[in-house]
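# An overview of the molecular structure
Okay, here's what each chain looks like letter by letter:
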Amino acid sequence: MKHTIKILAIALAVVPAFMFSGCIQGKYDKPEVNEVPVGDTVTITKLWEIYDSLVAAGGGTYKFTKDCSVFGYITMSDKIGNIYKSAYLQGGPDDDKAINLHLLSSGGIYEGDYVRVNLKGLVLGDYSGMIQLDSVHVDNNIVKLKTRCFLEPELVDIENIGTGSYVGKLVKFRKVQFQEQYVGTTYADKEGLKTVNTYIEDEYGNTMIVRTSGYANFAGDTIPAGSGSLVAIVGLYNTEYQLYLRNTDEVQLTGRRFGDVDVIFENNFDATPVGDFADDGWQNEARQGTAKWKCQEATEGKILSISGNNAEENETWLITPEITLQANSYLSFKTRMMTSGNTLTAMISTDNTNWTPLPANIAASSDWAISGDISLAQYLGNIRIAFKFESPIGVAGKYFLDDVKVFTK
Amino acid sequence: MKRKFLPLIFVCLSVSATYAQTDTTRNNDDIENQSVPTITLTESELEEGSQDNDISTLLQSSQDVYVNSAGYTFGQARFRFRGYDNQNAEVLMNGIYVNDAENGRPVYSNWGGLNDVMRFKTNTSALHFSDYSFGGLSGVTNISTRVSEFRQGGSVSYANSNRSYRHRAMAAYSTGLMANGWAFSAAASTRLAQKCYIPGTFYEGYAYFFGAEKKFNDHHSLGLTIYGSPSRSGRSAAATAETYELIGSNYYNPNWGYQNGKARNAKVGYYHQPRIILSHYWDIDNTMKLQTSASYMFGRGGTTALNWYDAPDPRPDYYRNFPSYYEDDANMFAQLTNEWQNDENKQLLDWDQFYFANMKNLYTVTNVGGTGDSITGNRAKYIIEERRNDISRFDFSSRLSKIFTDEIKMVAGVNYMMNQTHYFKVIDDLLGADWWLDVDQFAERDFNDENYIQSDLDNPNQVKKEGDLFGYNYYANIHKADAFAEAEFKYSKVEFFGALKLSYTEYWRDGKMRNGKFPDGSYGASEHQRFFNYAVKVGVNYKITGRNFLLLNATYLTRAPYFRNAYVSPRTRDNVVPNLKSETIYSADLSYFYRSPNFQLKITGYYTEFRNGTEGTSFYHDELNTFVNYLMTGVNKVHYGGEFGTEVKISPTVTATAALGYGRYMYNSRPSVTITQDNSSEVLATDRTVYIKNYHIGGNPELAATIGVKYSAPKYWYVGANANYFDENYVTINPEKHTVEALDIYVIGDPQLDEILGQEKLKGGFTLDIYGGKSWRIQRKYTLGFTASISNVTNNRKIATSGFEQYRFDKTNIDKFPNKYYYMYGINYFVNLYFRF
């Protein structure tokens, strides 16, 4: 009996073991959490005004000492790694400006956040030409009001960027492509974590830098070849504008590259034997006189050449093989007039009988002349192209012809 | 029974068993325990419940002076017996192997606070013959919970200390074997501290024990044991020299801060893994005994930690928070120096800021859980997660011992273990946020792929609340079976023994989440890894005279790699280390032992080699710019040294002791390393050679010495002191610094090379411990007494107990990630008041 009591007493003492008393490490109360004060509202446009006056005064910075707030949309965050400790804030339609936020630490705000930034303690200034709010603490300065408010990018052309009114903004280029030398390379050096500048161009030859960090999570992705639309933030580094991509989904370069053609028919005569021209399917016919097209060596490879005989009148037809056109086909070739006083006419026929002259640019000097892309849009089906050479008596006319090509763009 | 306990100590110490190589004298009473200083320090450190604690108490209460010192006095300096990892110390309970299944280390905290009922230990040190099992390199301890052998009576005690806990209360009562054949025992205890020695740490531990035994007849008894030791404790961490200098103390803890003005630790261990043992004791005849036990252990293990998403590193000791990071910026340097020195908050976690950030982090998750729905709320930037390792383990052990003649004894047995550890994380505290999104932010940074970042590809974009499982989820399954046989021969001039063990180990990982980074290697049961191992051990004791002995022991064994070292990154995938194979170990020791009634002396030399070890770790690789798994194979180590212990009985009341251990624990090969990216299966380097041969393994002092004197008065009191010296402690090295790749920017003769390749030796030093005790008999029935010990009386706070080179290493700025250190406690005390009835 006495044993039992003692054993039971100890058994009772065990009870607390199963319910941690909490006297040592209990639950912790949630601390009081302070609101981030609002104060006066300041627009991004206003920030630009201050910035412009700073620049006009030769530089310097402006530090906010009172609670005041700027509202805007986060158009780019450092989440994907293309920028670091940084974000872009853009106003709505009635505050159509943008600014770079330089953060004290990376992370914590995201594309599409509609935020209020308390400016107290922040410094407005210039970072290598870019307007910037410095020392932004994501938790202490920023209040997220809404998520997934994605601003539509503003449609622009490369030539508009230079006006300066797009700095920091989210823009979309409708029709651009990466320059040929960057196609197939990566956006940046993912292995070496190096930033890389690449260039895009438009149809008019305007170009612009696309700058990508080696830390971007798409740094190792391959640059596409095509043309199309591209969305980016417009950055400024000293006097040079540069674009920062947000992701590769916004690089929609799936169209045909500018300058790229689908060749339907082509003969540059490089494979043709020197001498009288008699390639398969071609007709080389002296309807007046005896002059015929001959193939000869030239510095740019082999070309066709014809020389009139001044003792006779010459009319020689060079007719291509039958070519099956596609919709919106074009013709191009190049010519060189070695002796004046004769003519060369480009013509088209759907039946090899009735010929219609084409509006080609034919050489009028001894410089090579490009015919231009001559639209054959009104023709379909099988056609032939003819080059009619005419040289009157007393003139030893001479023409060169090369690179005859029918294609679609 | 044990009334004359003081004289008994002398009996034990001087008799010291007929043959000195085995210390198989059953430990008599905890009075004796308590009379020896510093045990509580080691005990309490162990009770932090950490899996990585590494202090051996295996050898406590041994009768060998040196072994005793290594277990008690040297414990404060993290001295390890022969420099061995604790996995070489085998611990049994009623014959059941109780070391951790995955890393082989004994987990003393499982029975922490049950000192009264766990004190019946049989110790065998090093390679000597054990009656209980083949044993480990540092020996084997069997704890008996056979309650019919417990002394009838009870005790209550209260202890006060400033070490790992402040208060301890214990109570125990045992019936002894009663006339009806039953015996019962029960014990309970609590250990508490609001604040322990290290700032920010706390301790809350309880323990319970219940034992019952029924003796059916002279041959058969059946015993049942149930015990558990639930505890919660706040952890500390090592820090750099810069940190200690800035705050002016060698006891800094980066793991805590104030929440609403109340101290809160982010790293809290919470363990409760009770065990039930059923034992059958069968005395077949006078010469033959069969003891069979089956055991089941289960319960939770876990340690909390801060986790954060897309937010700055919140740890106060993050390297960019220190002045040294701003060497080139005098303003920042001065500002941070000032803050560290004068603003306590700079040194601590900022809990209030975590709540502030969490309660305003508005975020929308689309396609939650793959359902297509969206949720908008405050996404957690900071959370406390608990990394769980819940155990379910079954053990079986049966051991037959037979005494053939006075000269010949044999022991044989079989053991079986089936362990399943469930690894997962749960959200412990959202710190004011609404939920945590279960994606991998490191993968998010590196890869432009929505699937890649998912912890659970089959249930993507999951929103987790408090108590929810997240991150990873897998089982470690380990089966192990072994059989051993030993024979011991004792003749008048010579004694010798031989032992053999065969074992089979099988383990596999069973993943319960399909990780987005490893969709093919993370879900379901992995390939099974199987190992067959053997071990042999022999020993001889040559008795030159009745007082002079020469002892030689040797072992050769192979050991399966531990589960913990076998998998590259078990949280995310089931890849194993390339060329995974068993380790080979050789060890031998030779001792000379002299014993007379007033004097004993033992000198030992030992040599041990570990070959073909496998070691793995994960860390942020600065040059490769990613989190990597770093796997070394072909790691050879050599441990050799000498041990000396002596005891002189100067008078019937005064005893002097001295002990010295001096060894070399070195790497002995150039391991080959494979580095894989943690985020992907990409192999970043293969067969990279690590030039660490002849470097110290480090982490523990290689030299420890003590001289002690003890006065034991006839009137039930005693007092003693020990002067100790510790030295030759080296930092553990970062192998990656010792590769051609890490040095390729340096030319021969560059002074920085020495700095990179040199191995820092930590400062050693002297300490002084004093202890004493007294007891009173009351009414010839009860005993009231106290024991007290003060360790490091001179308050030497400059002895680093261990240090390590950080794995993170920047070869272009070698001081960026400096070494970190732990320091020995300054003056500390332990007082225990007890009452026995």
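About the cut-offs
Residues numbered from 1 in each chain as written. Chains lettered and ligands numbered in written order. Predicted model: local features only at pLDDT ≥ 70, side-chain atom pairs only at ≥ 80, totals over all residues. Helix = DSSP H or I, 4+ residues; strand = E, 2+ residues; numbered from the N terminus. Rg over C-alpha atoms; globule rule 2.2 N^0.38 Å. Buried ≥ 20, exposed ≤ 12 C-beta atoms within 10 Å, placed from the backbone. Contact = placed C-beta atoms within 7 Å. Core = buried A, V, L, I, M, F, W, Y, C linked by C-beta atoms within 7 Å. Pairing = 2+ DSSP bridges.

Below, the discussion takes up the overall build of chain B. A tally of regular secondary structure across chain B gives ten helices and 42 strands. In terms of overall dimensions, chain B is globule-like: its C-alpha atoms have a radius of gyration of 27 Å, near the 28 Å expected for 837 residues. A principal-axis box enclosing the C-alpha atoms of chain B has dimensions of 75 × 60 × 55 Å. For chain B, with 837 residues in total, the buried portion stands at 51%. Pairs at least 24 residues apart make up 71% of the contacts formed inside chain B by residues separated by at least 6 positions.

Moving on to the overall build of chain A. The secondary structure content of chain A amounts to four helices and 30 strands. Taken over the C-alpha trace, chain A has a radius of gyration of 36 Å; the compact-globule value for 409 residues is 22 Å, which it surpasses by more than 25%. Along the first, second and third principal axes, the C-alpha atoms of chain A reach 140 × 75 × 35 Å. For chain A, the proportion of its 409 residues judged to be buried stands at 35%.

Counting residues in hydrophobic clusters, the biggest one holds 104 residues, and the most contacted among them are Ala77, Leu92, Leu114, Ala187, Tyr208 and Phe209 of chain B. In contact with Leu114 of chain B, not counting residues within four places along its chain, are Ala187, Ser189, Ala207, Phe209, Tyr227 and Ser229 of chain B. Met76, Ile83, Leu103 and Ala219 of chain A belong to the second largest nonpolar core, which has 58 residues in total.

With that settled, the discussion passes to the environment of Arg384 of chain A. Residue and element names in this part refer to chain A. Looking at the element boundaries, Arg384 is found in strand β29 (residues 381-391). Taking the C-alpha atoms as reference points, Arg384 and Ile319, separated by 65 residues in sequence, lie 6.6 Å from one another. Arg384 has contacts with Ile319, Thr320, Glu322, Ile323, Ser349 and Asn352, leaving out every residue within four places of it along the chain.

What follows deals with the sheet that holds strand β2 (residues 96-97) of chain B. Residues and elements named next belong to chain B. Pairing in this open sheet of four strands is mixed, and the strands run β2-β1-β4-β3 from one edge to the other. For this open sheet the edge positions go to β2 and β3 (121-125), each flanked by a neighbour on one side alone. Pairing analysis gives five bridges linking strand β1 (residues 89-93) to strand β4 (residues 139-143), with the strands arranged parallel. By the bridge assignment for β4, Val91 is matched with Thr141.

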